[in-house]
There are 4 protein chains.
Amino acid sequence: MKVLFLGDVFAKPGRQAVKHFVPKLIGRHGIDLVIANAENSSGGNGVTPDTADELLAAEVNLLTGGNHSWSKREILPYMERPGCRLLRPANYPKGTPGQGSAVVETPDGRKLGVVNLEGRVFMRNLDDPFVVVKEEIAKLRAAGAKAILVDMHCEATSEKNAMGHFLDGEVAAVLGTHTHIQTADARVLPGGTAYITDVGMCGPWDSVIGVKKELVVQRFLTQRPVSFEPGKRDVWLQGAIVDLDEVTGKARSIERVQEKLPE
Amino acid sequence: MKVLFLGDVFAKPGRQAVKHFVPKLIGRHGIDLVIANAENSSGGNGVTPDTADELLAAEVNLLTGGNHSWSKREILPYMERPGCRLLRPANYPKGTPGQGSAVVETPDGRKLGVVNLEGRVFMRNLDDPFVVVKEEIAKLRAAGAKAILVDMHCEATSEKNAMGHFLDGEVAAVLGTHTHIQTADARVLPGGTAYITDVGMCGPWDSVIGVKKELVVQRFLTQRPVSFEPGKRDVWLQGAIVDLDEVTGKARSIERVQEKLPE
Amino acid sequence: MKVLFLGDVFAKPGRQAVKHFVPKLIGRHGIDLVIANAENSSGGNGVTPDTADELLAAEVNLLTGGNHSWSKREILPYMERPGCRLLRPANYPKGTPGQGSAVVETPDGRKLGVVNLEGRVFMRNLDDPFVVVKEEIAKLRAAGAKAILVDMHCEATSEKNAMGHFLDGEVAAVLGTHTHIQTADARVLPGGTAYITDVGMCGPWDSVIGVKKELVVQRFLTQRPVSFEPGKRDVWLQGAIVDLDEVTGKARSIERVQEKLPE
Amino acid sequence: MKVLFLGDVFAKPGRQAVKHFVPKLIGRHGIDLVIANAENSSGGNGVTPDTADELLAAEVNLLTGGNHSWSKREILPYMERPGCRLLRPANYPKGTPGQGSAVVETPDGRKLGVVNLEGRVFMRNLDDPFVVVKEEIAKLRAAGAKAILVDMHCEATSEKNAMGHFLDGEVAAVLGTHTHIQTADARVLPGGTAYITDVGMCGPWDSVIGVKKELVVQRFLTQRPVSFEPGKRDVWLQGAIVDLDEVTGKARSIERVQEKLPE
Ligand SMILES: [Fe+2]
Ligand SMILES: [Fe+2]
Ligand SMILES: [Fe+2]
Ligand SMILES: [Fe+2]
Ligand SMILES: [Fe+2]
Ligand SMILES: [Fe+2]
Ligand SMILES: [Fe+2]
Ligand SMILES: [Fe+2]
């Protein structure tokens, strides 16, 4: 099974990149399933029912989230709808709206389990992702998914790499999101788990991690609050393609994706 | 001028990778100057006179540092020696031992100014790197360096990218270190500054950012202190080669380097 | 000279406590000057021209600020007016609107220098308060102030206590703000500096540090964003009275103040 | 039932204060049970079998811990002994050595449940103290304890105050430790829970939160590692006396304790 996993889709430029490239990549690589992190899809901060639906209409099968999942209030009831295809990190407190994992199926019925996690180092005080991921894996296996992909939405390279090794051999892929910068360490770990510290952002690269660069520089220079707006130019789609074996639940290969939107 | 810049050299495996590859890369690419970040060169934590000298003997022209520069006490007097070729971040408080910038010269007398900075987001409470870098640039220009390379030792992708855009057109290169994971965003920014968020580590990749992976996983699982040891296997040299024009002070190109040490 | 120093004035309840008690305390204790931290005076978050003027009309002679000084944009031009009696922390970057220190005078011409600082541990990446305070002290001495009072707006008890000892004998008082909880460690340090880690908040105590308690508990339980509103009941004025010698610049005594607003 | 609760016992001076004052306070106030936080009892950093036993021999009935509980390795097997009277925070991961709660009994058989928690804001990535405390309360109730005392070892005033209100009416006392500075907010909350944000340290006050003051100031000034040693002079015992009703499980009163060791 070939899975295209896309990093944080940032504002309108990110959504445009998804709409432009996903159908092309599906055709070119024989992609079976597409997953994208949507936490920045609404104006660079949060996700709304509209931006979620827009991405799902663009041949994306499942959306994940992160620390910005909660920025737009109107997404909470959307997350609670039966069959909702937008996840939020699984390690929020019990009772949090929405789901932290799901099984997606290819048209011919092959299953992939997906877990969305959020790291804790330099981030929020959440439940232990190393504990929660084991519970979610068990749930997904019980639901018939032999192959599992983990979106590790996380700041620190240490926490992401630790999760990769922790799950090596147990899941098909541990793929990082959140830093918005793709890393050059994609590989299949010794146990058979595809790993990359961060797949990078889908959005404007002439920016500071998506945001208009002058505004972020101003915030660093003044240390005072500055209102952020998305950048606009040099838009890229970034992610990774994982080829995994849905019977053994292991990865055959992982390949980074970087595609520039024509201007 | 072609400059090979190497990321955090981690423990003995990292030093071996430097000794093995630097002479080869100099020959293969026509490298004029080699710079390496040495903050983890001693056992993965800190730098000693011995590990600094070992790297400088391996055709490295200048060493930089970071938050781990201070872990081994015996390095302080070394940093104070006249002509010392080991920098520490420039934005430590006034009176800090050592230097935060230096001019290095090719055998035929072409000059490169180098500034070492440390970020503040998720790190120490240091002086403002955005202010200090301007002062250091002025000093280096006064010392005759038209081209300047900045080692931005820093955790957050936002702070590193902001520094890149802040200095775009003013220096030849802003190259990140500290996260130990190479990023896939090397490019020349619109103003002519070569940029990469992190050049990655020289060290054992079968690890969590250099450290034996089981130990780091154990620390995440227990949240208690765990003594760290360096990893050993799958050793890589990582860095970037910047081709810069020492007359205009701008970059022509930047290319990532990843070389695996034969086992 | 007797100085009444009041901690973070929180929203309308805090302003009411100031208006109710300040005239009484001036009379009861023979207060010469009143200083209050205004960073939470507007709705619990920030300070506006109106809330600043309201406090200054209530016989407060000078206002200080903190990390929340910047929450309301309309305060920036107010801070720039000549003779403005609202300070902001001195250790923001050069070019920050407003002043970080000032000299206030009693009606009979006795002078007190006031410095406003913000800590860095667990807070923003500001200039070094230990360096900046020395520069501000020199300025205030040059302006004729022999006695100096420092508002150390700061989270960590270690950083506040370190500042107290660092300035012991050099200033008349180092008084902490920001945690909103008064500490029971008011004393004159060996060198003659009055010290307290935090003078506490002027505001509703039936709250979590000023905010409606149910809302803060909800944020801890959910780890999701929650809009905050000020608490309302159990309103207290909190601060300290420092008796200082304006000739020697040392403190004679410090006394905690806690006064409950009649309901 | 009258309970004397003592804050972080810091190094030898702290232990001396405990030995000097505890018998006196038991007599003077008719104390039924004594509890002390021991996380700094060994040299200011950690707790050893020797320092734990020394405190337990000084009429202390139960010891609690915090983020420093793990600094000395030899304490781990001690924590695992049956009947061990040294707790560690309850919200460490499952499988952590030792216990996070216990029932202590007066000589005449009246029971008090004690829970030790550690906050997460600005601290470690632990399990949710708001969830764990409910589980521990249920365990203690099942073991026959109607009155429960919580040691909330925690940095942020917001998290401590939120815990106080969260448990108001459900436990007899929520008493803070960790900042080493006593707060002046001891009171019985509306629901009947005795509360104080921090009871303060037992140790040398001529220090920065226990540590030799010159060393801490040096660390702030240099931002480099500095080896810490305990302060020596101006030694105080600090804590609180809670009078609680072991039948209703509510508090009648709380009173701060500050006693200076004769020099
Ligand atoms: Fe994101
Ligand atoms: Fe994120
Ligand atoms: Fe490093
Ligand atoms: Fe580093
Ligand atoms: Fe405040
Ligand atoms: Fe504040
Ligand atoms: Fe402590
Ligand atoms: Fe502690």
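Residues numbered from 1 in each chain as written. Chains lettered and ligands numbered in written order. Predicted model: local features only at pLDDT ≥ 70, side-chain atom pairs only at ≥ 80, totals over all residues. Heavy atoms only, no water.

Enquirer: Which parts of the structure should I look at to understand the interface of chain A and chain B?
Expert: Where interface size is given, it is often the accessible area lost as the parts come together that is meant. Opposite the 36 residues of chain A that make contact, chain B presents 36 residues. Both sides together, the interface formed by chain A and chain B hides about 3000 Å², and carbon and sulfur atoms give 68% of it. Where chain A packs against chain B, one counts 0 salt bridges. Counting across the interface, chain A meets chain B through 10 residue pairs in polar contact (both at pLDDT 80 or more). For the side of chain A that touches chain B, the secondary-structure elements that each account for two or more residues are helix H5 (157-166), helix H6 (213-222) and strand E12 (250-260) of chain A. Considering every element that reaches the side of chain A that touches chain B, the biggest residue donor is H5 of chain A, with 7 residues. Across the side of chain A that touches chain B, the residue classes tally to 16 nonpolar, 11 polar and 9 charged. (Contact = heavy atoms within 4.5 Å. Buried area = accessible area lost by both parts, 1.4 Å probe. Salt bridge = Lys/Arg side-chain N within 4 Å of Asp/Glu carboxyl O. Polar contact = N/O pair within 3.5 Å; in protein donor to acceptor, adjacent residues only side chain to side chain. Helix = DSSP H or I, 4+ residues; strand = E, 2+ residues; numbered from the N terminus. Nonpolar A, V, L, I, M, F, W, Y, C, P; charged D, E, K, R; others polar.)

Enquirer: In this structure, what is going on with the confidence of the model for chain A? I would like to understand it.
Expert: If pLDDT is low for a region, its predicted coordinates should not be looked at in detail. Of all residues in chain A, 100% attain a pLDDT of 70 or more, and the chain-wide mean is 98. Two summary scores accompany this predicted model of the complex, namely pTM at 0.98 and ipTM at 0.97. (pLDDT = per-residue confidence, 0-100.)

Enquirer: Got a minute to help me understand the environment of Pro204 of chain D in this structure?
Expert: All names here are of chain D. Structurally, Pro204 can be placed in strand E10 (residues 203-204). Pro204 gets classed as buried once you look at its relative accessible area, which sits at 0%. Between the alpha carbons of Pro204 and His153 there is a distance of 20 Å; along the sequence they are 51 residues apart. For Pro204, the residues in contact, after removing those within four places along its chain, are Phe10, Pro13, Gly210, Gly231, Lys232, Arg233, Asp234 and Val235. (Buried < 20%, exposed > 50% of the residue type's maximum accessible area, 1.4 Å probe, protein only.)

Enquirer: What is the right way to look at the sheet that holds strand E6 (residues 148-153) of chain C in this model?
Expert: Within a beta sheet, neighbouring strands are joined by backbone hydrogen bonds and run either parallel or antiparallel to one another. Residue and element names in this part refer to chain C. Pairing is mixed in the open sheet, where 6 strands are placed in the order E4-E5-E6-E7-E9-E8. Sheet topology places strand E4 (101-105) and strand E8 (187-188) at the edges, where each strand pairs with a single neighbour. Bridging between E4 and strand E5 (residues 111-118) involves 5 bridges; their strand directions are antiparallel. Of the residues in E5, the one forming a bridge with Glu105 is Lys111. The strands touched by helix H4 (residues 129-142) within the sheet are E4, E5 and E6, with E5 carrying the most contacts at an inclination of about 160°. Relative to strand E7 (residues 173-177), helix H5 (residues 157-166) is tilted by about 170°, and along the sheet it contacts E5, E6, E7, E8 and strand E9 (194-196). (Pairing = 2+ DSSP bridges. Axes fitted to C-alpha atoms, helices over the stretch in contact; angles between N-to-C directions.)

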